[in-house]
Amino acid sequence: TYSAYSRQLIMALCSPLRGVKVPLRFHHAFRRSTCQQSNSRGLAISPRANASGLESDALSGHRSDFQGEEEVFVARASSSRLDAFLADQISGVSRSRVIESIKSGGVVVNGNVTTKPSHKLDIGDRVICGEIVASPPTEVAPENIPLDVVFEDDHLVVVNKPPGMVVHPSAGHAGGSLVNALLFHCNERSNRGEETSKIIDVPRLGVVHRIDKGTSGLLVMAKDVAAQAGLQTQFANRSVRRRYLAIVLGTPARESGRIDAPIGRDPADRLKMGIVRGATGRQAISNFGVRARLVGGNASLVEWQLETGRTHQIRVHAREMGHPIVGDDAYGGGGSAAVE
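This structure is a prediction, so every number in the text was calculated from the model and none was measured.

**Student:** Help me get a handle on the packing of helix H2 (residues 82–89) against helix H3 (residues 95–103), residues and values and all.
**Tutor:** To describe two helices that pack against each other, one gives the angle between their axes and the distance between the axes. One can describe the packing of H2 onto H3 by two numbers: an axis separation of 9 Å at closest approach and a directional angle of 125 degrees. By the criterion of interaxial angle, the relationship of H2 to H3 is oblique. Here the hand of the crossing between H2 and H3 comes out right-handed. Only Arg95, Val98, Ile99 and Ile102 of H3 make contact with H2, whose side of the interface consists of Leu82, Asp83, Ala84, Leu86 and Ala87.

So, in structure tokens, the structure goes:
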């Protein structure tokens, strides 16, 4: 099937280190440990089961790695509409936004993408809802921005996104996005007489997952609805695995570990995230392994594998570990700290 083919394809891709953080591969899962130790900042860090701190590519399993921020719900009653159920479960989100997210393929029921807001739930149905955000505007202008295309066929395109580029237009970023560039790229192929799908007709303009503006790395974009649905199902079923590299200040005391610390909006600065205990914090789990010590131990190359996908998760956990990402002004890794 197409979905099986695309999974094998993407898992074979590898990106060089071109920015501060890079998704290296989509791969396998890792085990959990129970013994915890706190660092100097009071952050609980669990040791990993193996020497590297990260599981090998030969292992299989599942982890919570659906795109963006995810919530998992279990239906407690039957005959409930999917949109009504989610609107009741998620606070601060309108039903219209929930419906938009469902229609765009952002909701998975029992492992399958469900695009009907009226879908009836049965008792015990497992619902995964990705981060509910407004879809990119449909009126997006193609822009002639060079793209580093790693792979492309009639159904999808894999792009190595450079740091400094947003994935899609949003408030404060009307243009210059990956989507703007991809629209131009697809139009150029069509003008040359090549067969290509109309990505403008795909929900969310082909966006399946995202990475931060300041992050470089591989992104897979769907070029038709069938490909998008198949890829979203793979992300929801956690058969797609992502790895990241980050250069951090200093060297962690542990060679590897597992950080389990909830993340939420920083009450002192709503533009940032932070470790937030209580009802507003959401579980966030990061696994790390030191790959190399740099400049005499003043910096380190650290690989990360995530069990959850919270906003700014690596950046927040790295800071709270006492080793912020080099050049990350928002979370303590920029300015004089980076120079020193």
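**Student:** Tell me about the environment of Met165, and name the residues and values.
**Tutor:** Note on placement: Met165 falls in the loop between strand S10 (156–161) and helix H4 (178–191). Residues Met165 and Ile211 lie 46 residues apart in sequence; the distance between their C-alpha atoms is 9.7 Å. Beyond its immediate chain neighbours, meaning those up to four positions away, Met165 contacts Ile145, Gly176, Ser177, Leu178 and Lys213.

**Student:** Just give me the short version of the side chain of Asp266, but keep the residues and values in it.
**Tutor:** Structurally, the position occupied by Asp266 is in strand S14 (residues 263–266). No salt bridge forms around the buried Asp266; measuring N to O, its nearest opposite-charge neighbour Arg319 is 4.9 Å away. Within polar-contact distance, the side chain of Asp266 engages the backbone nitrogen of Ala268 at 2.9 Å. In contact with Asp266, other than residues within four places in its own chain, are Lys272, Met273 and Gly274.

**Student:** So, the sheet that holds strand S9 (residues 149–152): which residues are in play, and what are the values?
**Tutor:** Sheets are built from strands that pair by backbone hydrogen bonding, the pairs being arranged parallel or antiparallel. Taken together, three strands build an open sheet; the order of strands is S9-S10-S11 and the sheet is antiparallel. Strands with a single pairing partner mark the edges of an open sheet, and in this sheet they are S9 and strand S11 (217–222). Going from strand to strand, the sheet's axes swing by 15 degrees on average, the running direction of each strand aside. Pairing geometry for S9 and S10, over three bridges, is antiparallel. From the neighbouring strand, Val149 faces S10, where its bridge partner is Val159.

**Student:** Let's hear about the pairing of strand S12 (residues 243–249): which residues, and what values?
**Tutor:** With respect to burial, S12 is a largely interior element, six of its seven residues being buried. With seven bridges joining them, S12 and strand S17 (residues 299–306) adopt antiparallel strand pairing. Within the sheet, the bridge partner assigned to Ala246 lies in S17 and is Val302.

**Student:** Please give an account of the nonpolar core that cites residues and values.
**Tutor:** Val179, Met221, Ile259, Phe288 and Trp304 are the most contacted members of the largest nonpolar core, which has 30 residues in total. Secondary-structure elements contributing two or more residues to this core are S10, H4, S11, S12, strand S16 (285–294), S17 and helix H6 (313–320). Those residues in contact with Met221 that lie beyond four places of it in its chain are His155, Leu156, Val157, Leu178, Val179, Leu182, Leu205, Gly206 and Val207. If you look at the next biggest cluster of nonpolar residues, it comprises 13 residues, including Ala75, Leu86, Ile90 and Val98.

**Student:** Could you give an account of the pattern of salt bridges, with specific residues and numbers?
**Tutor:** Where charged atoms from two side chains of opposite charge approach closely, those side chains can pair. Taken as a whole and assessed by the stated rule, the structure comprises 10 salt bridges. The residue Arg243 makes a salt bridge to Glu303 at a minimum N-O spacing of 3.6 Å. With Arg243 in strand S12 and Glu303 in strand S17, this residue pair connects regions lying 60 residues apart in the sequence. By relative accessible area, Glu303 is classed as buried at 7%. Between Arg315 and Asp328 there is a salt bridge, with the nearest N and O atoms lying 2.8 Å from each other. Note that Arg315 is positioned in helix H6 and Asp328 in the loop between H6 and helix H7 (335–339), a separation of 13 residues in sequence. For Arg315, a relative accessible area of 15% translates into the label buried. On the basis of relative accessibility, which here comes to 8%, the residue Asp328 falls in the buried class. One network of salt bridges, in which partners are shared, links Arg81, Asp83 and Arg95.

**Student:** Hey, could you go over H3 for me, with residue numbers and the actual values?
**Tutor:** When we look at burial in H3, the residues that qualify are Val98, Ser101 and Ile102. The arc that holds every buried residue of H3, seen down its axis, measures 100 degrees, which confines them to one face. For H3, the exposed residues lying more than 90 degrees away from the buried face are Ser96 and Lys103. Where H3 is buried, its residues contact H2 and strand S5 (107–109).

**Student:** Go over the side chain of Asp83 with me, naming the residues and quoting the values.
**Tutor:** Here Asp83 shows up in helix H2. Of note is the side chain of Asp83, whose polar atom sits 3.3 Å from the side chain of Arg95. Beyond its immediate chain neighbours, meaning those up to four positions away, Asp83 contacts Arg95, Val98, Ile99, Ile102 and Pro117.

**Student:** Describe H6, listing the residues and the values that go with them.
**Tutor:** Along H6, eight of the eight residues are buried, which leaves the element largely enclosed by surrounding structure. Listing the buried residues of H6 in full gives Gln313, Ile314, Arg315, Val316, His317, Ala318, Arg319 and Glu320. As for H6, its buried residues are in contact with S12, strand S13 (256–260), S14, strand S15 (269–275), S16 and S17. Of the residues trailing H6, Gly322 is marked for its positive phi of about 95 degrees.

What counts, and at which threshold
- Residues numbered from 1 in each chain as written.
- Predicted model: local features only at pLDDT ≥ 70, side-chain atom pairs only at ≥ 80, totals over all residues.
- Heavy atoms only, no water.
- Axes fitted to C-alpha atoms, helices over the stretch in contact; angles between N-to-C directions.
- Helix = DSSP H or I, 4+ residues; strand = E, 2+ residues; numbered from the N terminus.
- Parallel < 35°, antiparallel > 145°, perpendicular 65-115°, else oblique.
- Left-handed = near helix turned anticlockwise from the far one by under 90°.
- Contact = heavy atoms within 4.5 Å.
- Buried < 20%, exposed > 50% of the residue type's maximum accessible area, 1.4 Å probe, protein only.
- Lys, Arg positive; Asp, Glu negative; His and termini not counted.
- Salt bridge = Lys/Arg side-chain N within 4 Å of Asp/Glu carboxyl O.
- Polar contact = N/O pair within 3.5 Å; in protein donor to acceptor, adjacent residues only side chain to side chain.
- Pairing = 2+ DSSP bridges.
- Core = buried A, V, L, I, M, F, W, Y, C linked by side-chain atoms within 4.5 Å.
- Arc of directions from axis to C-beta.

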